[in-house]
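Breakdown of the fold
Here's the letter readout for the chains.
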Amino acid sequence: MRLSVSATEYRDQIRNGTVTVEEFVSKTLEKIKKVDEQIHAFITVNDDAINQARNLDKKLKAKEKVGACLGMPISIKDNICTKGIKTTCASKLLQDFVAPYDATVISRLKAEDAIIIGKTNLDEFAMGLTTEFSCYGPTKNPWNIDYVPGGSSGGSAAAVSACESIVSLGSDTGGSVRNPASFCSVFGLKPTYGLVSRYGLVSYANSIEQIGPMARTVEDIAFLMNIIAGQDPNDNTTIDSGAVDYVDDLDVGISGKKIGVVSEMMGEGEQKEVTESTRNAISKLEELGADCEEISISEVLHSVAAYYTLTAAEASSNLARYDNIRYGYDFGVEGFEFNAYISRSRKNFGDEVIRRMLLGTYVLSSGYFGKYYMKAQQVRSLIKTQVERAFQKVDLLISPTVPSMPFKLGEKINDELALFRLDVNTVTANLANIPAISVPFEVKNGLPIGIQLFAGHLQEKLLFQAAHALSKLTKLPESPI
Ligand code: GLN
């Protein structure tokens, strides 16, 4: 039995009885046991998964109605609430937190009989780009365990890449789905803002982030979007996008489509191998009949500064709730006076989170609000306008997902600015509320490179068609682990 099946292949095999849900789930748990000591993709493995698999097999045998996931093992980033399974956000402050409810995406997956196989590692509260800022220690890249898997959804990307789950859900505030997807050679989507409910996603920067799927095929990304997308009364930022079937017509190709190559995301400050790969992807798309032309979105140059100002501001207010009273853990604080108790508790945030909260409090304080926060909002609206204008000229945009190949663990851990700069190609989609996907494209010196495609607001279907066309041009090895 192969664990590297796509969601579609898995469903076919279950339907025609080649394999039972229990067999597949127990093989997946064996794989996790075998490789996760090295990779460390998971924070928690669901110890009820086998029982759920057996129950599904019974239902299937009795020919009862079973949902579209048919017991498929799915891993979930550990900042998405799951009733009865811990949601830690890789933070000491939430190490014992069990949410009393499921996030909307989880209820939707469960309604389709998915099995949550476990919760995956991340940078604390999704702040980071390497998964090294987790209180549980880093995740390793399955392609080479001396290298970072990207982040912050590094556990999810590694789990999919190492076949520890078929698909996964991550969250993307400024690239956290696409960046690790690129570093681990899987697909990762940041949907249009409002297309997927954020109810039950622990907020980092709620005006910017979305939950997004990660998978080994575009079709699986589309399949997951069919389940998780849609309006939700529990999240009033969700939008009614109509009844779209994302799996339908994936194969239409991209002949005649106009693709803008974003000048500000090409070449400068970028690793040579990455630029070469992107140029290679562009010429292949042209061979398929796409019409590619350079396009400038000048505000991209200010996008990282605006992104970090806005996200720090939102984070400082979102994380104010962690007082270690409503949520928390026991660290033996007998005898503390109220304020001292709370400040002692909050010392347990990691350094990166503390840095962002301080920065956020600063940019929101009187005297600085206009200079920094308001200015960043203005840059955000300029970016939106420029992106809208670009989509009047072209159907899609293209860039490398990350300007760098995966790098070694520890290499950039003390250099925030170097890390921040690596977000330059991803944050634009978040600031402009548009969808973007990372497509695994090449493996050089044993390490993956991903290509990013962007589409206009709610144009996920077109985005998947282009990603599908591009992915058909590549024949990538499976991750070696
Ligand atoms: N690297 C970015 C940050 O640290 C993106 C994180 C994310 O998308 N959650 O904020």
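Details of the structure are given in the entry above.
Residues numbered from 1 in each chain as written. Predicted model: local features only at pLDDT ≥ 70, side-chain atom pairs only at ≥ 80, totals over all residues. Heavy atoms only, no water.

**A short note on the nonpolar core**
- Formed by 82 residues in total, the largest nonpolar core has its most connected members in Leu109 and Phe464.
- Considering each element in turn, this core owes the most residues, eight residues, to helix 7 (residues 218–228).
- Once residues lying within four places of it in the same chain are set aside, the contact partners of leucine 109 are Cys69, Ile74, Ile76, Ala114, Leu169, Leu224, Ile227 and Ile228.
- Core analysis: the next-biggest nonpolar cluster, separate from the first, contains 55 residues, Tyr204, Ile295, Phe331 and Leu397 among them. (Core = buried A, V, L, I, M, F, W, Y, C linked by side-chain atoms within 4.5 Å. Buried < 20%, exposed > 50% of the residue type's maximum accessible area, 1.4 Å probe, protein only. Helix = DSSP H or I, 4+ residues; strand = E, 2+ residues; numbered from the N terminus. Contact = heavy atoms within 4.5 Å.)

**Looking at the pattern of salt bridges**
- In total, this model carries 16 salt bridges according to the counting rule given.
- A salt bridge links glutamate 22 to arginine 54; its shortest N-O distance comes to 3.2 Å. Here arginine 54 lies in helix 3 (residues 49–61) and glutamate 22 lies in helix 2 (residues 21–39), a separation of 32 residues in the sequence.
- Of the charged contacts in the structure, one is a salt bridge between arginine 198 and aspartate 235, with a shortest N-O distance of 3.8 Å. One end of the pair, arginine 198, is in the loop between strand 5 (187–190) and strand 6 (210–215); the other, aspartate 235, is in the loop between helix 7 and strand 7 (258–262), with 37 residues separating them in the sequence. Each member of the pair, arginine 198 as well as aspartate 235, is classed as buried.
- When salt bridges that share partners are traced, they join Glu352, Arg355, Arg356 and Glu416 into one network. (Salt bridge = Lys/Arg side-chain N within 4 Å of Asp/Glu carboxyl O.)

**Notes on the packing of helix 9 (residues 300–318) against helix 11 (residues 351–364)**
- At a minimum axis distance of 7 Å, the contact between helix 9 and helix 11 shows a crossing angle of 100°. Considering their axes alone, helix 9 and helix 11 lie roughly perpendicular with respect to each other. Here Tyr308, Thr309, Ala312, Ala313 and Ser316 of helix 9 come into contact with helix 11, specifically with Arg356, Met357, Leu359, Gly360, Thr361, Val363 and Leu364.
- Residue composition of the contact of helix 9 with helix 11, by class: seven nonpolar, four polar and one charged. (Axes fitted to C-alpha atoms, helices over the stretch in contact; angles between N-to-C directions. Parallel < 35°, antiparallel > 145°, perpendicular 65-115°, else oblique. Nonpolar A, V, L, I, M, F, W, Y, C, P; charged D, E, K, R; others polar.)

**A word on the site of the ligand**
- Around the ligand sit 15 residues in total, of which Thr173, Gly174, Ser176, Tyr204 and Tyr307 are the nearest.
- One nitrogen or oxygen atom from the side chain of tyrosine 204 is found 2.6 Å from an oxygen atom belonging to the ligand.
- Between arginine 356 and the ligand, the recorded distance is 2.9 Å, taken from a side-chain N or O atom to an oxygen atom.
- Burial of the ligand by the protein chains amounts to 100% of its free accessible area of 290 Å².
- Within the shell around the ligand, the residues separate by chemical class into six nonpolar, six polar and three charged. (Near = heavy atom within 4 Å. Polar contact = N/O pair within 3.5 Å; in protein donor to acceptor, adjacent residues only side chain to side chain. Areas by Shrake-Rupley, 256 points an atom, 1.4 Å probe, with all protein chains shown as cover.)

**Remarks on the packing of aromatic side chains**
- Tallied over the full model, the rule gives 15 aromatic pairs.
- Relative to tyrosine 308, the ring of tyrosine 307 has its centre 4.8 Å away and its plane inclined at 90°; by these criteria the two rings are edge-to-face. With respect to burial, tyrosine 307 and tyrosine 308 carry one shared label: buried.
- For the ring pair tyrosine 308 and phenylalanine 420, a centre distance of 3.8 Å and an interplane angle of 15° mean the geometry is stacked. With tyrosine 308 in helix 9 and phenylalanine 420 in helix 13 (residues 416–421), this pair connects stretches of sequence that are 112 residues apart. The burial state of tyrosine 308 is the same as that of phenylalanine 420; both residues are buried.
- An aromatic cluster of at least three residues, connected via ring pairs, comprises Phe97, Phe125, Tyr322, Tyr327 and Phe349.
- Sitting above the plane of the phenylalanine 407 ring, lysine 412 keeps its charged end 4.8 Å from the centroid. (Phe/Tyr/Trp six-rings, centres within 6.5 Å; stacked < 30°, edge-to-face > 60°. Lys NZ or Arg CZ within 6 Å of the ring centre and 35° of its normal.)

On their own, these measurements won't tell you what the molecule is for.
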